[in-house]
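Tertiary structure, described
Read off the chains here:
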Amino acid sequence: QVQLVESGGGLVQPGGSLRLSCAASGFTFSRYAMGWYRQAPGKERELVASISSAGGSTNYGDSVKGRSTISRDNAKNTVYLQMNSLKPEDTAVYYCSAGPRYREASVYWGQGTQVTVSS
């Protein structure tokens, strides 16, 4: 069955960095666009970043643009999100997603990993 398993979340101080990973299985990873979304308490889920199936195109939400980098390793069926200069407002549950077409709806979702930015 399809699985997206996120890891790398945790508590980090403001200004710090984290790298999230998402290991995929159960579908042909290299044919799917991948994304990272986040949801903070009381807020709607928002796009953090997305990447095309081959990795040649990326897209970022305005709130993280310039501070985050999405990448993928199709040989390892894994997508990454490097986040730098973290702010308290980055605190959220971060979800990995997969979809058949870049910048269109995701069809698979992970369970999420908590990121907390606090001193």
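In case you missed it, the structure is sitting above this.
Here is what the cut-offs are and how they apply
Residues numbered from 1 in each chain as written. Predicted model: local features only at pLDDT ≥ 70, side-chain atom pairs only at ≥ 80, totals over all residues. Heavy atoms only, no water. Helix = DSSP H or I, 4+ residues; strand = E, 2+ residues; numbered from the N terminus. Rg over C-alpha atoms; globule rule 2.2 N^0.38 Å. Buried < 20%, exposed > 50% of the residue type's maximum accessible area, 1.4 Å probe, protein only. Polar contact = N/O pair within 3.5 Å; in protein donor to acceptor, adjacent residues only side chain to side chain. Contact = heavy atoms within 4.5 Å. Disulfide = S-S within 2.5 Å.

This part is about the overall build of the protein chain. A tally of helices and strands in the protein chain yields zero helices and eleven strands. Counting from the amino terminus, the protein chain carries its helices and strands in the arrangement β-β-β-β-β-β-β-β-β-β-β. Computed over the C-alpha atoms, the radius of gyration of the protein chain is 13 Å, within 12% of the 14 Å expected from 2.2 N^0.38 for a compact globule of 119 residues. In terms of overall dimensions, the protein chain has C-alpha extents of about 40 × 25 × 25 Å along its principal axes. Counting all 119 residues of the protein chain, 43% fall into the buried class.

Another aspect to go through is the side chain of Asp90. Relative to the assigned elements, Asp90 resides in the loop between strand S8 (78–83) and strand S9 (92–99). Take Asp90: its relative accessible area is 1%, and that puts it in the buried class. At 2.7 Å, the side chain of Asp90 forms a polar contact with the backbone nitrogen of Lys87. Once you skip the residues sitting within four places of it in the chain, Asp90 turns out to touch Arg38, Val64, Arg67, Ser85, Val115 and Val117.

Evaluated as defined, the whole model comprises one disulfide. A sulfur-sulfur separation of 2.1 Å characterises the disulfide bridge that pairs Cys22 with Cys96. One quick way to see it: the torsion about the S-S bond of Cys22 and Cys96 is about -80 degrees, and its sign makes the bridge left-handed. Within this pair, whereas Cys22 is found in strand S3 (residues 18–25), its partner Cys96 is found in strand S9, the two being separated by 74 residues in sequence. This pair shows no difference in class: Cys22 is buried, exactly as Cys96 is.

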